[in-house]
Amino acid sequence: MRITTYTWQQAVQDAVAETDRNQLERKIRLAEVAIFERIDTFSAADSGEAIALFHALGKLRALRELLEQ
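Numbering of residues begins from 1 in every chain and follows the order in which that chain's sequence is written. Thresholds applied to this predicted model are a pLDDT of at least 70 for local features of residues and 80 or more for the giving and counting of side-chain atom pairs; totals over whole chains, interfaces and linings are not thresholded and use all residues. Calculated side-chain values reflect all of the structure's heavy atoms, with hydrogen atoms and water omitted.

**Comments concerning helix α1 (residues 8–17)**
Item 1. For the exposure calls, accessible area comes from a 1.4 Å probe over protein chains only, and a residue counts as buried if that area is under 20% of its type's maximum, exposed if over 50%, partly exposed in between. The helix and strand labels rest on DSSP assignments: H or I over at least four residues marks a helix, E over at least two residues marks a strand, and numbering proceeds from the N terminus. Those residues of α1 that fall on the buried side of the exposure criterion are Trp8, Ala11, Val12 and Ala15. One face of α1 carries all of its buried residues, which in axial projection span an arc of 100°.
Item 2. Buried residues belonging to α1 abut α2 (21–41) and α3 (47–67). For this quantity, the arc is that covered by the directions from the helix axis to the C-beta atoms. Contact between two residues is taken to exist if any of their heavy atoms lie within 4.5 Å; hydrogens are not considered.

**Here's the deal with the side chain of Glu32**
Item 1. Mapping Glu32 onto the fold places it in helix α2.
Item 2. Looking at Glu32, the relative accessible area reads 18%, which means it is buried.
Item 3. The contacts of Glu32, once residues within four sequence positions are left out, are Leu60 and Arg64.

**Some words on the pattern of salt bridges**
Item 1. Salt bridge, as used here: a side-chain nitrogen of Lys or Arg that lies within 4 Å of a carboxyl oxygen of Asp or Glu. Throughout the structure, instances matching the rule amount to 5 salt bridges.
Item 2. Across the pair Lys27 and Glu18 runs a salt bridge, and its minimum N-O distance is 2.7 Å. Glu18 carries the same exposure label as Lys27, and that label is buried.
Item 3. Residue Glu25 pairs with Arg29 through a salt bridge whose shortest N-O separation is 3.5 Å.

**A word on the nonpolar core**
Item 1. For the purposes of this section, nonpolar cores are sets of buried Ala, Val, Leu, Ile, Met, Phe, Trp, Tyr and Cys residues that join through side-chain atoms within 4.5 Å. The biggest cluster of nonpolar side chains holds 16 residues, and the ones touching the most others in it are Trp8, Val12, Ile35 and Leu60.
Item 2. Of all elements in the fold, only α1, α2 and α3 reach the threshold of two or more residues within this core.
Item 3. When residues of this core are assigned to their parent elements, the largest contribution, 6 residues, is made by α3.
Item 4. For Trp8, the contacting residues outside a window of four places in its chain are Ala34, Ile35, Arg38, Glu49, Ala52, Leu53 and Ala56.

**Let's talk about the side chain of Glu18**
Item 1. Mapped onto the secondary structure, Glu18 falls in the loop between α1 and α2.
Item 2. A distance of 2.7 Å separates the side chain of Glu18 from the side chain of Lys27, its partner in a polar contact.
Item 3. Sequence-distant contacts of Glu18, that is, excluding residues within four places in its chain, are made with Gln23, Leu24 and Lys27. N or O atoms closer than or at 3.5 Å make up a polar contact, with two conditions inside protein: a donor-capable atom paired with an acceptor-capable one, and, for residues adjacent in sequence, both atoms drawn from side chains.

Structural data, given as structure tokens:
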């Protein structure tokens, strides 16, 4: 089985792994930009990537909510 890694995933992983609250908002924004740039550019992305993109956005939204607490 081949595991596909998407380039935007690193930005999401960086945001999720960030422990410095002062850097978290910036990392979330960078990840969101990477995701939205990918959404804007793909026309024939496999459905697995589309699902992963929207799951990642949900994860970033949850991180932002934690940051705002």
